[in-house]
Amino acid sequence: MPCPSGSDALVFFVNGRKVTERNADPEVTLCKMFPLATFPSSPRPPVGLTGTKYACGRGSCGACTVMVSKHDPVSKKIRHFSVTACLVPICSLYGAAVTTVEGIGSIKTRLHPVQERIAKSHGTQCGFCTPGMVMSMYALLRNHLHPSEKQLMEALRGNLCRCTGYRSILESGKTFCMMTDCHQKGTGKCCMDQRENHSSSLDRKSDICTELFAKEEFQPLDPTQELIFPPELLRMAENPEKGTLTFYGERVTWISPGTLQDLLELKAKHPEAPLVLGNTSLGPAMKSQGHFHPILLSPARISELSVVTKTSDGLTIGAACSLAQVKDILAESISELPEEKTQTYRALLKHLRTLAGQQIRNMASLGGHIISRHCYSDLNPILAVGNATLNLLSEEGTRQIPLNEHFLAGLASADLKPEEILESVYIPHSRKWEFVFAFRQAQCLQNALPDVNAGMRVLFKEGTDTIEDLSIAYGGVGTATVSAHKSCQQLLGRHWNELMLDEACRLVLDEVSLPGSAPGGKVEFKRTLVVSFLFKFYLKVLKELKTLVRQFSVPVSGSSRYPEISDGFLSALEDFPVTIPQGVQTYQKVDSHQPLRDPVGRPIMHLSGLKHATGEAIFCDDIPRVDKELFMALVTSTRAHAKIISIDFSEALELPEVVDVITAKDIPGTNGGEDDKLLAVDEVLCVGHVICAVVAETDIQAKQAIEKIKITYEDLEPVIFTIEDAIKHNSFLCPEKKLEQGNIKEAFEKVDQIVEGEVHVGGQEHFYMETQRVLVIPKTEDKELDIYVSTQDPAHVQKTVSSTLNIPINRITCHVKRVGGGFGGKVGRPSVFGAIAAVGAVKTGHPIRLVLDREDDMLITGGRHPLFGKYKVGFMNNGRIKALDIECYINGGCTLDHSELVTEFLILKLENAYKIRNLRFRGRACMTNLPSNTAFRGFGFPQGTLVTESCITAVAAKCGLPPEKIREKNMYKTVDKTIYKQAFSPETLIRCWNECLERSSFHSRRMQVEEFNKKNYWKKKGIAIIPMKFSVGFAATSFHQAAALVHIYTDGSVLVTHGGNELGQGIHTKMLQVASRELKVPMSYLHICETSTATVPNTIATAASVGADVNGRAVQNACQILLKRLEPIIKKNPEGTWENWIEAAFEQRISLSATGYFRGYKAFMDWEKGEGDPFPYYVYGVACSEVEIDCLTGAHKKTRTDIVMDACCSLNPAIDIGQIEGAFIQGMGLYTTEELQYSPEGVLYSRSSDEYKIPTITDVPEEFNVSLLPSSQTPLTIYSSKGLGESGMFLGSSVFFAIMDAVAAVRRERDAAEDFTVKSPATPEQVRMACADRFTEMIPRDDPKTFKPWSIPIA
Ligand SMILES: Cc1cc2nc3c(=O)[nH]c(=O)nc-3n(C[C@H](O)[C@H](O)[C@H](O)COP(=O)(O)OP(=O)(O)OC[C@H]3O[C@@H](n4cnc5c(N)ncnc54)[C@H](O)[C@@H]3O)c2cc1C
Ligand code: FES
Ligand code: FES
């Protein structure tokens, strides 16, 4: 619909080209504008810029990062800064230059060094995050030609990657850095020497390599090549337009005044209209909470709001200054002023270092931050205790109000009047004898909203320890920042000693009370943090006081002596610093006789690496809009179990651009399975169950129409969410799976000791960066459909669409160019979305695009099964386990999906690396009213084996032995049979174990950890080494078959197609390595276009780690067939070239196309007998991790991880090491930070990257070494390689067990029981509450019967 006329022209530049937009819509963000190239009124519209990716829409993943350059009216300089395009309204860009990934380089012209290096350093896998990473690095380099490694970390902190594990990305960035950040600086050693330090005896052999790329080949960074700031914009900035600019959208008007006076007049005229600065608070609220503002006022052109003034008593910072600028301003003041004056500034700076990512800090303003008054605000508690004042402006004049508890509570008398704006903030200097500190605890150390934070200030009577003034404010414990004003008043005049501390804790707990049902949950944890922070404050101040007394030899009144801080307690004071990960990757070089042309075994870059880095790699939603295309949005259930009484979509259909609503009645064929309908018919089984779909002209309209659909329900019983309830109701999806060996009853009678325990493992969201998406294009003839879909299993999509539409499979072609991460989440679900979109396409006759928002994707698709495990283990006093009985329940959700298979795999893999004669494993999948859980990397192994490993830890605790001794004692040692009677040799497992012990210097570090723990009371270290026997493949032969189609064209170029899908795991790269070796032509002759059901039919899902194995065999077969056909020609003309031979073959009518086929590895399982050969082979690996925990906050730091993995002869060590690292970090997320939160009504709360924390770059272990075990062979697989897609996931548990080791040390020291219930993830909450102390004891505990909790545990 055309926008109302009268809008001003919006002028900005994109990649050096001018955009003049005459109908700018204030609701459109930069991110949404790029791909569709909707610059309709621009004279030279830039065409679809699809490089900038959309993944969360809330500024928290960084996939959409671009660089904005603006002229700063105050400094008169050009500022270049990274932003997240999804939160940038296009109207805010007046006079700005935007640089996207396409603007800095291209494979068609010239690559930017950042692009070249990230690709060549193997920093891309699926490539969906890569443009964002590139742009964050690029913006950094525009400001710092030789950044420090710290700056690099800071620049990348706001960018998430779900595939790589970040190490390789960081490695590429480090090539631009000055080597000044060596954290061993001053020790005479350097981290760059690590390659020598960590080389084991094996590495000293010349066949071991530690380089995955050649730095010396990189082109240098030449700043003269960068785009300049457009002279036209500079002219505009020097003669600024003083008039008001107005942009009218369909629903929203954007007004940007040119002068302060105009702004004040406008604010008086539109008192309800918010001021948009960074849009980082308004934007997410408009997107997710339905906030709507018909008028938005933009003060972007008012320079008066960005002025900074330094006076003798404080700093006044303009409200429009970005948080990044505030950070610089504070750092400058701290460097200029004496320490005593900068206490508040230091506290603010500390929190500014952890607050959000660089992009958000570049966008968010100080004023917006303060006025938003988020309960979690990191700055408001400090500003409040630091006595900051707000300078307000209105047409009436100026006014000052204190930023105090009344303002923060939003009391009208203490707040801005509607017509007022915030001009600036005055932050006074601190004084001598005054101390200000800030505290914060979040799910992870960086880039996560805090659970609780605090600002605390104390002023002493000069020369004494008597409290003259005290202010304490907390965030995260109420609906706004909360002040402990009354408590502080009562403590005035008290001495700074333990008596005061006890009293303070009691008072504060009373005043800052948090009800048991408080939103956000974690109530007892938060209460504990409230007092733990107070204790930290007490200690920090005590330390400062002591220094001050020493420094000035001031006589102290009131108390003759300050309480001593023992060395063990000092450890409470320090936060974990951000460190720059270092590490070494080792692998075996190829045989020196292997021809240079043969790429197998070499670290070849991902085929699409460069295209990922330039944004030229096309993902499903990057396909340009096709003629008459419509958008689809899904309507989902808001009830967990209910009958659908009626659906009224009349109001939705009345909306002008809404075309249709698709319901189950529109399905011409089958509506999914009996118990798993594509679209709900009469009954919904979970919140998020898809009921119907709206089809409209645009995605915005489709989403708006959803709100108009009225569904009435009648709730049904029972409603089951938890495993406990499912067991009670006997609610299961499939029969029990059981394996047994030996005689456990007898064995339990003969053992020295028996331990029983429980383990709870939470679920996991796939969080692939590219959400589920599909484009269905109906053809005009013969009911044909072309489907472009992001899936791991296009044949399944094809089959489902066929049965849904009731048309033969041969009319449907599914295309998969590449997938932006799958991890199992795109095995089953894409067929549902493909089928619903196909129904829409057939009904309307239009192409349909369906792209799930992150929130919907997380709500609808399910993930890893949460697990509850019970174990009983019998063992001898020396640690030998004689009997083990494990019973596992997984939460399958409302439909079967893969739950039966997951249960089977879980049971089959439960023994892990241990030989235990008497075993019984039982598993059941519970049916609950939650979205159906599905396949996820590792397929049950990562959850189940955590139970087994927890048994080991429990046995160790009982025997008084370290867990590694129990592991070693019980590990398979010789050729043996598994519980299901499959024979195998554990030789490489043992080699990995010994190699990992050696590489990690495990035994000496175990001693160092113990030493550290003796000296530190509030910080503890833990170390764990975990072995792994991971079975690869599907437990059925038919699932291992694969096919390939190879064409040789007359110019000698070769097109390879196979049944595997490129998910980022580099399968296409590996396939071309195989084809290159077989055909003996360089990889440059070879090409893979896409995976398509038209070229290779009846494919199997790319999953279970065997994609490259089985498809590699098929490609090999096809190439060998072709080569055989060429043999006579080659023999006849041995000196000829490849091209000569192909030409001759064509002349001689030899077919240059061949199908290759692999019939599959033999695999079967007889569940009746409990016997079989279900897996083709095992991958062995061992990981050792060390962590340090903060007992007062529950935070942890990963000090070091060493992984040794048996990849046999890796097809591509760079790709395989990337898989191991990526899976390890994903596993670490599963076991430490990724926590799904459900309401008591079964609604998933954690539906965004703000609420669900996957690891960020700052979570990578400080030292991270990975080595592939050398000299290992397997006769079964192609070129003796092993599939490594999933196995690394479980090795992440080494971090979990290291944390448990540290917690056990705490509990030992405090005489608490060591056999506490193990819960994964080991979040700060779990860790803090397990480290019981006087603070956990003093908090009030609620009787669970007296309140309704905010969330429920479902495992
Ligand atoms: C991904 C992400 C991560 C984050 N992480 C953290 C974190 O870890 N810790 C934390 O504390 N915060 C965090 N935040 C919140 C962030 O600090 C705030 O969103 C931000 O500071 C708001 O500033 P803004 O300029 O974007 O405000 P906007 O969204 O532009 O405006 C917010 C509000 O402020 C009002 N306003 C703005 N300026 C003025 C003025 N001069 N006078 C009167 N009213 C005004 C507006 O009317 C509006 O109501 C995060 C935000 C995001 C998106
Ligand atoms: S899509 Fe913009 S930050 Fe995630
Ligand atoms: S490569 Fe980073 S998300 Fe896939």
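Model, not experiment: these values are computed from the prediction. (Residues numbered from 1 in each chain as written. Chains lettered and ligands numbered in written order. Predicted model: local features only at pLDDT ≥ 70, side-chain atom pairs only at ≥ 80, totals over all residues. Heavy atoms only, no water.)

Section: the environment of E574
Along the chain, the position of E574 falls in the loop between helix 20 (567-570) and strand 19 (585-588). Taking the C-alpha atoms as reference points, E574 and M1329, 755 residues apart in sequence, are found 20 Å from one another. (Helix = DSSP H or I, 4+ residues; strand = E, 2+ residues; numbered from the N terminus.)

A few points about the pattern of salt bridges
In total, this model carries 74 salt bridges according to the counting rule given. Across the pair E1309 and K1020 runs a salt bridge, and its minimum N-O distance is 3.0 Å. In this pair, E1309 is assigned in helix 39 (residues 1293-1309) and K1020 in strand 37 (residues 1019-1032), connecting sequence segments 289 residues apart. On the basis of relative accessibility, which here comes to 35%, the residue E1309 falls in the partly exposed class. K1020 gets classed as buried once you look at its relative accessible area, which sits at 1%. Among the charged side chains, a network of salt bridges with common partners joins R58, K287, K703, D853, E855 and D1250. (Salt bridge = Lys/Arg side-chain N within 4 Å of Asp/Glu carboxyl O. Buried < 20%, exposed > 50% of the residue type's maximum accessible area, 1.4 Å probe, protein only.)

Comments concerning the packing of helix 11 (residues 323-336) against helix 12 (residues 343-354)
In contact at an axis separation of 9 Å, helix 11 and helix 12 are set at 140° when each is read in the N-to-C sense. If you check the angle between helix 11 and helix 12, you find them oblique. The hand of the helix 11/helix 12 crossing is left-handed. For the pair helix 11 and helix 12, the contacting residues are L323, V326, K327, L330, A331, S333 and I334 in the first and Y345, R346, L348, L349, L352 and R353 in the second. For the contact of helix 11 with helix 12, the residue count by class is nine nonpolar, one polar and three charged. (Axes fitted to C-alpha atoms, helices over the stretch in contact; angles between N-to-C directions. Parallel < 35°, antiparallel > 145°, perpendicular 65-115°, else oblique. Left-handed = near helix turned anticlockwise from the far one by under 90°. Contact = heavy atoms within 4.5 Å. Nonpolar A, V, L, I, M, F, W, Y, C, P; charged D, E, K, R; others polar.)

Considerations on unusual backbone geometry
Here the residue pair E717 and P718 is connected by a cis peptide bond, since its omega of -10° sits within 30 degrees of zero. Locating P718 in the fold gives a position in the loop between strand 25 (710-715) and helix 24 (723-728). Although it is not a glycine, F939 sits at a positive phi angle of roughly 50°. Its location among the elements puts F939 in the loop between strand 34 (918-926) and helix 30 (941-959). When its relative accessible area of 12% is taken as the criterion, F939 is described as buried. We note that S1105 has phi near 70°; this positive angle belongs to a residue other than glycine. Locating S1105 in the fold gives a position in the loop between strand 41 (1091-1092) and helix 35 (1107-1132).

Quick look at the packing of helix 35 against helix 36 (residues 1138-1147)
At a minimum axis distance of 10 Å, the contact between helix 35 and helix 36 shows a crossing angle of 115°. As judged from the angle between their axes, helix 35 and helix 36 are roughly perpendicular. Of the two possible hands of crossing, helix 35 and helix 36 adopt the one that is right-handed. In contact with L1126, I1129 and I1130 of helix 35, helix 36 contributes W1138, W1141, I1142, A1144 and A1145.

Observations regarding the sheet that holds strand 10 (residues 308-310)
Spatial strand order, 10-11-14-12-13: five strands in an open sheet with antiparallel pairing. With one partner strand each, in any of the chains shown, strand 10 and strand 13 (397-402) form the two edges of the open sheet. The mean inter-strand angle of the sheet, taken between neighbouring strand axes irrespective of direction, is 20°. Direction of pairing for strand 12 (residues 389-394) relative to strand 13: antiparallel, over a ladder of six bridges. Among the inter-strand pairings, N391 is bridged to a residue of strand 13, identified as Q400. Running at roughly 120° to strand 14 (residues 421-428), helix 12 makes contact with strand 11 (314-318) and strand 14 of the sheet. (Pairing = 2+ DSSP bridges.)

So, helix 4 (residues 130-143)
If you check helix 4, its first and last C-alpha atoms are 20 Å apart, about what 14 residues at 1.5 Å a residue would give, namely 20 Å. Among the 14 residues that make up helix 4, 12 are buried, leaving the element largely enclosed by the rest of the structure. By the burial criterion, the buried members of helix 4 are T130, P131, G132, M133, V134, M135, S136, M137, Y138, A139, L140 and L141. (Expected span 1.5 Å × (residues − 1).)

Structural notes on the UniProt feature "binding site: [2Fe-2S] cluster 2" (unreviewed entry) in the chain
The positions that UniProt labels "binding site: [2Fe-2S] cluster 2" (unreviewed entry) are, in the present scheme, C126, C129, C161 and C163. Spatial clustering of the annotated residues is evident: they stretch over 38 residues in sequence, but the largest pairwise C-alpha distance comes to 9.4 Å. By relative accessible area, C129 is classed as buried at 4%. Among all residues touching C129, those that are not within four sequence positions of it are L160, C161 and M769. Tracing the backbone through its elements, the reader meets C163 in the loop between helix 5 (149-156) and helix 6 (167-174). We classify C163 as buried; its relative accessible area is 5%. Setting aside chain neighbours within four positions, we find C163 in contact with Q125, C126, F823, G1218 and G1222. (UniProt positions renumbered as here; feature names shortened; annotations may be inferred.)

A closer look at the UniProt feature "binding site: [2Fe-2S] cluster 1" (unreviewed entry) in the chain
In the numbering adopted here, UniProt assigns the feature "binding site: [2Fe-2S] cluster 1" (unreviewed entry) to C56, C61, C64 and C86. In three dimensions, the annotated residues from a span of 31 residues occupy one location, with a maximal C-alpha spread of 10.1 Å. Along the chain, the position of C64 falls in the loop between helix 1 (30-36) and strand 3 (65-71). Residue classification places C64 among the buried residues on the basis of a relative accessible area of 3%. The contacts of C64, once residues within four sequence positions are left out, are C31, T52, K53, V83, T84, A85 and C86. Within the secondary structure layout, C86 lies in the loop between strand 4 (78-84) and strand 5 (97-99). On the basis of relative accessibility, which here comes to 7%, the residue C86 falls in the buried class.

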